[in-house]
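Each chain, letter by letter, is given below.
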Protein chains: 2
Amino acid sequence: MTKYVYDFAEGNRDMKDLLGGKGANLAEMTVLGLPVPPGFVITTEACKTYLDTGDVPAELAAEVTAHLDGLQQQMGKRLGDADDPLLVSVRSGAKFSMPGMMDTVLNIGLNDESVTGLAKQSGNERFAWDSYRRLVQMFGKTVLGVEGELFEHEIDRVKKDKGTANDLDLTETDLQTLVDTFKAIVKKETGDPFPQEPRVQLDLAVRAVFDSWNGDRARLYRRQERIPADLGTAVNVCTMVFGNLGMDSGTGVAFTRDPGSGAQGVYGDYLANAQGEDVVAGIRNTLPLQELENLDKASYDQLLGIMGTLERHYRDLCDIEFTIERGKLWMLQTRVGKRTAGAAFRIATQLVDEGLIDEKEALSRVSGAQLAQLMFPTFGDVGSAKKLTKGMNASPGAAVGKAVFSSETAAEWAARGEDVILVRRETTPDDLVGMIAARGILTSRGGKTSHAAVVARGMGKTCVCGAEELDVDVNAKQIRLKDGTSVEEGDVLSIDGTTGAVYLGEVPVSPSEVVQYFEGTLDAKANDLVEAVDRLTRQADGVRRLKVRANADTPEDAERARRFGAAGIGLCRTEHMFLGDRRQLVEDLVLAEGETEQQQALQALLPLQREDFIGILRAMDGLPVTVRLIDPPLHEFLPDMTELSVEIAVADSKGQKVPDEQRKLLTAVRRLHEQNPMLGLRGVRLGLVIPGLFALQVRAIAEAAKALKEEGLDPRPEIMVPLVGAVQELEVVREEAEQILAEVGVEALIGTMIEVPRAALTAGQIAEAAEFFSFGTNDLTQMGWGFSRDDVEASFFSRYLDLGVFGVSPFESLDRDGIGRLVQIAVDEGRATRPDLHLGVCGEHGGDPDSIHFFHGVGLDYVSCSPFRVPVARLEAGRAALEGGGSDTR
Amino acid sequence: MTKYVYDFAEGNRDMKDLLGGKGANLAEMTVLGLPVPPGFVITTEACKTYLDTGDVPAELAAEVTAHLDGLQQQMGKRLGDADDPLLVSVRSGAKFSMPGMMDTVLNIGLNDESVTGLAKQSGNERFAWDSYRRLVQMFGKTVLGVEGELFEHEIDRVKKDKGTANDLDLTETDLQTLVDTFKAIVKKETGDPFPQEPRVQLDLAVRAVFDSWNGDRARLYRRQERIPADLGTAVNVCTMVFGNLGMDSGTGVAFTRDPGSGAQGVYGDYLANAQGEDVVAGIRNTLPLQELENLDKASYDQLLGIMGTLERHYRDLCDIEFTIERGKLWMLQTRVGKRTAGAAFRIATQLVDEGLIDEKEALSRVSGAQLAQLMFPTFGDVGSAKKLTKGMNASPGAAVGKAVFSSETAAEWAARGEDVILVRRETTPDDLVGMIAARGILTSRGGKTSHAAVVARGMGKTCVCGAEELDVDVNAKQIRLKDGTSVEEGDVLSIDGTTGAVYLGEVPVSPSEVVQYFEGTLDAKANDLVEAVDRLTRQADGVRRLKVRANADTPEDAERARRFGAAGIGLCRTEHMFLGDRRQLVEDLVLAEGETEQQQALQALLPLQREDFIGILRAMDGLPVTVRLIDPPLHEFLPDMTELSVEIAVADSKGQKVPDEQRKLLTAVRRLHEQNPMLGLRGVRLGLVIPGLFALQVRAIAEAAKALKEEGLDPRPEIMVPLVGAVQELEVVREEAEQILAEVGVEALIGTMIEVPRAALTAGQIAEAAEFFSFGTNDLTQMGWGFSRDDVEASFFSRYLDLGVFGVSPFESLDRDGIGRLVQIAVDEGRATRPDLHLGVCGEHGGDPDSIHFFHGVGLDYVSCSPFRVPVARLEAGRAALEGGGSDTR
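Residues numbered from 1 in each chain as written. Chains lettered and ligands numbered in written order. Predicted model: local features only at pLDDT ≥ 70, side-chain atom pairs only at ≥ 80, totals over all residues. Heavy atoms only, no water.

(A) Region of interest: the relation of the copies chain A and chain B. Here chain A sits on chain B after a turn of 180 degrees about the axis and a move of 0.1 Å along it, with an RMSD of 0.1 Å. Expressed as a symmetry operation, the mapping of one chain copy onto the other fits a two-fold axis. In this assembly, 100% of the residues forming the interface of chain A have copies in chain B that are likewise at the interface, indicating an isologous arrangement. (Least-squares fit on C-alpha atoms with pLDDT ≥ 70 in both. Contact = heavy atoms within 4.5 Å.)

As structure tokens, this is what we get:
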């Protein structure tokens with residue numbers, strides 16, 4: 001029979017799935033012999049049954065009764081007792097922390113009789129009535145769904161009548177009256193009296209906590225934090241202890257190390273004569289934890305001892321909540337503490353040095369996402385700039401620019417070279433132009449899945465959103481704050497996308513020390529952060545199986561990638577090589593009449609292309625360079641059809657002369673215009689339709705390699721054919737390419753992108769003609785889902801995140817069920833045909849931590865990502881190897 | 001050990017894979033005791049080895065020797081014998097007939113010695129030398145690769161010297177001289193003398209036949225006819241018999257029934273004193289076969305007897321090649337004969353009536369493609385129109401219109417209401433506009449995979465291509481013919497895409513009798529063709545498992561579909577309902593500011609939509625109607641961005657006033673403009689982003705059904721959500737739709753299109769929220785291959801067909817390996833989740849014969865196609881059921 005209730009003493013920290021994080025840790029501390037108020041946990045299984053069936057499991061009532069009896073016996077108190085009542089708290093506690101997202105009810109067990117018992121026992125009538133007042137208010141609001149405002153309003157009314165603003169001025173009589181008023185509110189709003197029976201209070205509170213799993217806040221949070229929706233929450237029923245029984249009581253939080261820097265020491269806050277919720281509410285100022293030594297040395301010493309025990313036991317930074325009730329210390333919670341990215345690296349290496357964990361364990365304590373954060377520039381000394389507010393840290397980075405309030409202004413000002421910050425209440429697809437033009441985006445509404453946040457992250461642009469204290473008035477071109485400050489168009493703003501901070505004035509931006517280290521301009525021993533990053537990335541390099549390459553199109557990028565630790569280039573795009581000065585040559589190619597003119601145009605490109613490849617192959621001497629043959633449709637190199645049409649039509653209407661060349665160009669633009677260029681004449685299709693185009697590129701690659709070999713270097717080009725959907729396409733290109741390679745006398749692997757769904761579905765055939773596959777997961781995602789990133793990200797991704805269609809944009813992190821399955825099929829069937837098939841990924845997912853674990857799991861040989869992401873990928877590839885996890889897509 | 005050579009007497013007609021069609025049928029006739037010249041077959045396996053390895057199997061030489069010895073013994077003659085030589089023919093013969101595509105060499109065994117033996121035996125020196133001349137010429141050209149012109153030129157020279165134009169005027173001396181000249185040419189061109197050793201001649205000829213499998217002509221033909229490239233050809237080595245030994249000899253072809261009409265009787269041609277190649281060359285006029293009775297009654301009677309034997313044996317129309325050598329009849333070939341579509345239906349039912357086959361067998365003798373041909377209108381009496389030429393029948397139908405020579409003129413004339421035929425040498429993507437505007441397309445170059453042919457078939461437009469006798473001069477706007485006829489711009493042309501015929505002048509177009517029968521305007525007993533179609537479609541209906549529905553958007557289409565036998569509507573598109581007068585309402589919706597205006601715009605559409613659905617549901621009373629919620633992006637209902645931009649810019653530049661509404665519209669058009677609309681905000685995405693849009697449609701459907709139920713009818717609407725890629729999308733729509741259905745009080749199945757690859761890949765999840773799947777194979781093909789039909793069909797499909805990337809456009813016939821696999825996955829995993837999931841297809845493949853067999857094999861419940869294709873689909877579904885074939889995609 002399933003067991004739905006566990007005493008704290010029956011559990012341990014490994015039971016988080018069943019007992020939730022809070023419950024498992026309370027159990028662990030209980031078993032360690034630390035002073036935890038006795039209690040028990042109702043499991044997540046009970047919650048799941050409740051959520052699935054609408055009712056708790058039949059056996060639950062009897063189990064709760066048994067554990068409650070045990071608790072009453074242990075404490076020598078009874079719930080609802082008129083002389084010495086037991087009170088309990090009912091708190092949610094899911095596997096993953098969801099702070100403030102679910103419900104809590106304190107002081108369960110108080111009623112019209114037991115409140116007198118509490119008064120007797122505490123010797124404090126005011127405290128007893130205040131506790132009862134709190135219960136009716138909290139229970140009314142949380143469990144019975146009464147509008148919280150109704151209670152607050154009554155408290156305000158009483159205080160106003162007494163001419164005071166402070167809760168502490170309310171007397172026990174006032175509180176007694178308030179309890180009556182509150183009970184009347186409950187009766188009026190719900191039709192039933194406030195339940196006097198403690199067991200009814202408990203059962204209803206438990207159900208309310210279960211229900212809160214599916215509250216709006218909780219669902220939104222889970223989506224944002226990618227917490228599965230079907231885990232459910234446990235419920236902790238715990239004997240109440242009180243920090244508000246006088247100055248010998250109090251409550252506090254503590255960290256075993258500084259969660260900001262990782263430094264060892266005593267960090268925390270303490271508030272005398274208060275309950276935990278008072279600390280959170282921030283009504284009174286807390287004291288630094290150190291001062292507890294003066295107030296209650298015995299408890300302080302005991303707490304420090306416990307902190308040491310916990311850190312050694314958990315072998316990590318712990319954060320702790322505790323209460324002192326009349327000089328007796330109680331532990332209410334502990335967990336592995338959150339920390340900044342920098343602290344994570346420092347603490348992980350400190351713990352190694354302290355002998356608590358080994359290097360491999362240390363690697364699991366940091367993440368690629370944290371390393372990525374450390375690679376953004378940060379704001380330095382704020383100086384004279386004024387901190388206006390803190391919003392949501394929606395897309396990291398540090399951006400400084402002049403405030404503008406419309407997309408048009410953003411584009412105009414940016415076009416004349418100004419840095420701007422686009423400020424909007426919220427953004428819409430119409431703001432896209434402005435978002436592209438701006439250095440950063442600031443909104444006063446919307447969370448991490450708002451349009452602004454989603455689009456900014458997609459662009460890699462700094463964004464702070466939901467800064468609600470800012471009153472953004474786009475018509476007046478002004479931000480107003482409650483303190484009277486205002487920001488006008490043109491005023492300089494500095495926004496920190498990593499912390500959410502917003503400053504008026506320019507804050508100097510400091511380059512990342514971690515980047516300086518990777519660039520080789522800062523020594524690995526320069527400071528403890530850099531040293532920690534150095535140690536852990538080298539550790540990752542030692543254990544990872546995935547190689548990491550970079551996507552780089554220029555010698556400069558290639559060199560940087562090499563410094564950052566890339567083992568080659570996984571994607572060298574060649575289309576950039578046809579821009580700038582060479583646009584004319586591409587126009588010549590497009591406008592060529594007949595094959596001779598076409599060949600001439602191609603010939604003109606050959607020496608230029610050869611130089612391009614010499615540069616890149618030289619920078620990557622000795623390492624593989626995967627060159628992708630030209631991919632985009634030709635019209636991308638030509639003027640915009642609408643603009644050119646308007647230009648010519650306007651000139652015509654004014655009787656101005658339009659050069660013949662111009663008209664010819666328009667004809668070509670019209671001819672090449674496509675309804676859906678992404679699904680048009682591009683990639684291998686272009687190569688098969690324009691004779692000599694791919695041959696030109698292959699010859700340039702071959703001749704470049706030849707030239708370098710003659711210099712004594714070791715060039716290693718690989719030729720990658722884009723957009724292949726059928727093996728026959730690749731065979732035709734391969735045959736021509738092999739002939740050219742043989743003519744020039746160099747060797748190169750020939751392979752293909754797997755970016756069209758059909759390529760993945762027929763990978764077993766395609767592998768017959770390919771020595772390597774490189775998954776183009778961007779296009780694979782676009783075609784597999786049937787949406788183009790350019791078109792849809794701005795128009796409906798935020799809506800989809802809100803609806804929960806995605807937990808995260810499939811362009812940020814690989815969609816395992818759909819696109820991942822295509823990857824898995826192609827890996828399995830490609831290798832079945834050709835066991836030594838070399839497999840990599842060159843879409844942006846190659847630099848995404850979660851996706852890297854997937855790619856490790858399916859057995860790719862390498863990931864390729866932007867040069868800046870190379871260290872992140874190295875670290876995550878190491879973590880993936882340690883996890884040893886396989887793919888979960890099947 | 002593999003056996004590579006079979007005597008004719010060792011084989012039978014079931015051995016086509018190994019012996020090829022010709023060889024297997026020669027064997028069958030031999031076994032039947034018919035007079036077949038003795039010989040043997042070298043198998044396709046030997047050919048495959050040769051093609052794979054570049055050499056014949058090691059064992060082949062000895063096997064050939066053994067069979068040759070047997071042959072010589074049987075005939076009492078020896079190859080190369082100076083007194084009585086054996087001569088053999090070496091002919092190709094693949095599994096599938098590839099007429100004229102591969103090589104043949106006759107008279108193998110003649111050399112400087114045996115030519116005298118042949119002269120002795122035949123008593124005809126001229127014949128002997130002419131035979132030797134033919135061998136050297138044919139062997140030189142076919143086996144040794146000497147330019148054929150060189151030989152022809154010499155013959156012409158001799159005839160010129162003698163002042164004659166007729167080969168028959170050449171004497172044996174002339175021929176002897178020509179043999180010497182030809183041998184000299186061979187020596188000069190190849191460096192080696194003409195091989196005198198008969199076995200060398202034979203071995204080289206066999207290799208040449210093998211090589212011809214991969215000749216350009218053969219490869220092109222295979223691609224067009226969708227014959228696999230790896231089958232190889234067999235080689236038939238057969239004792240020569242001669243029809244050119246005098247007037248008691250001759251050669252002919254015969255059909256056991258009229259291949260044009262199916263009528264029973266004696267059909268064929270005979271040519272006295274001639275070899276088969278002379279008949280093919282058409283130099284002399286043939287006689288009707290009946291006249292053989294007067295020339296050689298014994299042979300004629302024997303032939304008629306054999307024809308009866310063969311037809312009874314093969315239980316089908318046979319076509320026959322025969323030769324009479326000095327009064328002795330020899331059978332050289334037989335096979336099941338090709339026939340017109342009409343004859344196919346007539347013959348199949350005749351054979352049933354004659355008791356040769358049963359009804360099921362009859363069904364296998366006709367095809368959906370043939371039925372489709374019978375449903376096109378045809379030209380009636382040619383009258384005064386002049387037949388100009390016959391080109392390739394590239395895309396069926398009958399089109400009449402004025403000749404135009406440019407795309408622009410086609411568009412202009414069509415715009416003013418004229419029917420035009422676009423005439424080009426060949427078409428390019430630039431001609432697309434003209435092709436769309438024209439009634440038909442005529443080109444003088446290019447085959448069935450040319451641009452014109454591919455694009456016209458894609459459009460379902462009549463096309464004759466490769467009419468090489470027409471000299472198309474687009475600059476002079478004229479077609480010239482050798483006979484001096486010319487066609488000017490504006491002259492009326494009539495082109496028959498079913499036969500390839502081209503007429504000058506208007507030929508009246510007759511409607512199809514088969515269509516009239518299906519429409520119910522012609523009785524099933526009206527004539528034998530209609531009766532045959534009636535019998536066989538009813539037979540198909542009796543055996544098929546697949547139901548056939550129609551794609552129909554209007555009550556008129558729905559009614560026609562019903563007449564044609566549709567069991568419901570599989571796809572009712574709703575976007576057409578927003579065009580015409582209602583465009584303004586859609587503009588209102590797009591331009592609406594705020595939700596209230598948006599809701600007003602939607603409310604205005606509700607009564608109109610309800611009437612739409614009442615009409616269709618009424619027409620399909622009692623049958624299911626699957627309504628697809630709106631799919632295309634909103635900007636499709638708005639003006640073209642470039643046109644509107646030009647209009648406003650020109651007006652502005654002239655200082656003309658532009659209405660505000662117009663500018664507002666441009667802003668909206670710009671906002672909604674998408675780079676890739678096919679991958680943009682459409683389908684379910686639109687439904688989730690625009691509140692109330694899908695709700696409006698669901699309500700209209702529900703209210704329409706309600707209204708009809710109140711009339712006592714039986715409406716059966718099904719609601720289909722387009723473009724779903726994730727189950728969550730469907731869940732959101734489903735929840736809203738169920739609520740509306742419940743409110744209105746009607747029931748409807750709710751399901752989804754499977755048209756996005758991810759939908760197929762996650763079908764197991766999607767089936768949780770779908771009661772049916774309908775495969776949208778058009779989009780599935782576009783997204784699976786990553787190309788948009790609009791953009792690429794014109795720009796590179798003909799190139800891809802030529803390169804063999806496709807055997808047929810994947811939009812015509814389902815690509816089983818890629819897209820078929822997605823279908824298979826979705827079927828398997830959808831049904832695993834929901835065993836009673838209803839499965840259909842509504843892409844155009846639903847009417848394609850080949851694809852229907854696939855859909856039957858994977859276990860769909862129905863196909864849905866255009867109303868006109870419904871009979872074709874019924875027939876093919878029946879054939880598929882009889883074949884019982886499963887899917888071959890795994």
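So, next bit.
(B) Region of interest: the pairing of strand S8 (residues 250-257) of chain A. Residue and element names in this part refer to chain A. The element S8 is largely enclosed, with a buried count of 6 among its 8 residues. Note: S8 against strand S9 (residues 264-272), 7 bridges, orientation antiparallel. Paired with alanine 254 across the strands is glycine 268, a residue of S9. Two successive antiparallel strands, S8 and S9, enclose a turn made up of 6 residues, where glycine 262 displays a positive phi of approximately 90 degrees. Bridging between S8 and strand S11 (residues 318-325) involves 6 bridges; their strand directions are antiparallel. Bridge assignment links alanine 254 to a residue of S11, and that residue is isoleucine 320. (Buried < 20%, exposed > 50% of the residue type's maximum accessible area, 1.4 Å probe, protein only. Helix = DSSP H or I, 4+ residues; strand = E, 2+ residues; numbered from the N terminus. Pairing = 2+ DSSP bridges.)

(C) Broad picture of the packing of aromatic side chains. All names here are of chain A. This structure, assessed with the given rule, holds 50 aromatic pairs over all chains. Both rings, one in phenylalanine 518 and one in phenylalanine 564, keep their centres 5.8 Å apart while their planes meet at 45 degrees; by these two values the pair is tilted. Of this pair, phenylalanine 518 sits in helix H19 (residues 513-519) while phenylalanine 564 sits in the loop between helix H21 (555-563) and strand S27 (569-573), placing them 46 residues apart in sequence. Phenylalanine 518 sits in the buried class, given a relative accessible area of 6%. (Phe/Tyr/Trp six-rings, centres within 6.5 Å; stacked < 30°, edge-to-face > 60°.)

(D) Local environment of the nonpolar core. Ranked by size, the top nonpolar core spans 306 residues in total, and within it Phe345 and Phe775 of chain A together with Phe345 and Phe775 of chain B carry the most contacts. Beyond its immediate stretch of four places on either side in the chain, phenylalanine 775 of chain A contacts Ile754, Leu780, Val823, Ala826, Val827, Leu839, Gly840, Val841, Cys842, Gly843 and Leu860 of chain A. (Core = buried A, V, L, I, M, F, W, Y, C linked by side-chain atoms within 4.5 Å.)

(E) Inspection of the pattern of salt bridges at higher detail. Residue and element names in this part refer to chain A. Counted according to the given criterion, the structure contains 119 salt bridges over all chains. Note that aspartate 541 is salt-bridged to arginine 874, the shortest N-O span being 2.6 Å. Separated by 333 residues along the polypeptide, aspartate 541 in helix H20 (residues 528-543) and arginine 874 in helix H35 (residues 870-883) bring together distant segments of the chain. The class of aspartate 541 is partly exposed, set by a relative accessible area of 27%. With a closest N to O distance of 2.4 Å, glutamate 703 and arginine 610 form a salt bridge. Of this pair, glutamate 703 sits in helix H27 (residues 693-710) while arginine 610 sits in helix H23 (residues 594-619), placing them 93 residues apart in sequence. Residue arginine 610 is classed as partly exposed on the basis of its relative accessible area of 25%. Taken together, the shared-partner salt bridges connect Asp316, Arg339, Glu361 and Arg365 into one network. (Salt bridge = Lys/Arg side-chain N within 4 Å of Asp/Glu carboxyl O.)

(F) The arrangement of the state of the cysteines in detail. Residue and element names in this part refer to chain B. Counted by the stated rule, this structure contains 0 disulfides over all chains. Just so you know, cysteine 463 is unpaired, no disulfide at all, and the nearest cysteine sulfur is the one on cysteine 465, 5.0 Å from it. In this structure cysteine 463 comes out as buried when scored by relative accessible area, which is 0%. Judged by relative accessible area, which is 0%, cysteine 465 ranks as buried. (Disulfide = S-S within 2.5 Å.)

(G) Structural detail: the pairing of strand S5 (residues 88-94) of chain A. Residues and elements named next belong to chain A. Burial within S5 is extensive, with 6 of its 7 residues counted as buried. As judged from the 3 bridges shared by S5 and strand S6 (residues 104-108), these two strands associate in the antiparallel manner. Across the sheet, residue valine 90 finds its bridge partner in S6, namely valine 105. When S5 meets strand S7 (residues 233-239), the two strands line up antiparallel, connected through 7 bridges. In the strand pairing of S7, serine 89 is matched with cysteine 238.

(H) Just unusual backbone geometry, in detail. Residue and element names in this part refer to chain B. Of note in this structure, asparagine 107 is not a glycine but carries a positive phi near 65 degrees. Mapped onto the secondary structure, asparagine 107 falls in strand S6 (residues 104-108). Note on asparagine 107: relative accessible area 1%, which makes it buried. Non-glycine residue arginine 315 carries a positive phi angle of around 55 degrees. Residue classification places arginine 315 among the partly exposed residues on the basis of a relative accessible area of 30%.

(I) Geometry of the packing of helix H13 (residues 341-353) of chain A against H20 of chain A. Residue and element names in this part refer to chain A. Packing of H13 against H20 brings their axes to within 9 Å, and their N-to-C directions diverge by 70 degrees. Classified by the angle between their axes, H13 and H20 sit roughly perpendicular to one another. For the pair H13 and H20, contact is made by Gly342, Phe345, Arg346, Ala348, Thr349, Val352 and Asp353 and by Asp528, Leu529, Ala532, Val533, Arg535 and Leu536, respectively. Looking at the contact of H13 with H20 residue by residue, the class counts come to 7 nonpolar, 2 polar and 4 charged. (Axes fitted to C-alpha atoms, helices over the stretch in contact; angles between N-to-C directions. Parallel < 35°, antiparallel > 145°, perpendicular 65-115°, else oblique. Nonpolar A, V, L, I, M, F, W, Y, C, P; charged D, E, K, R; others polar.)

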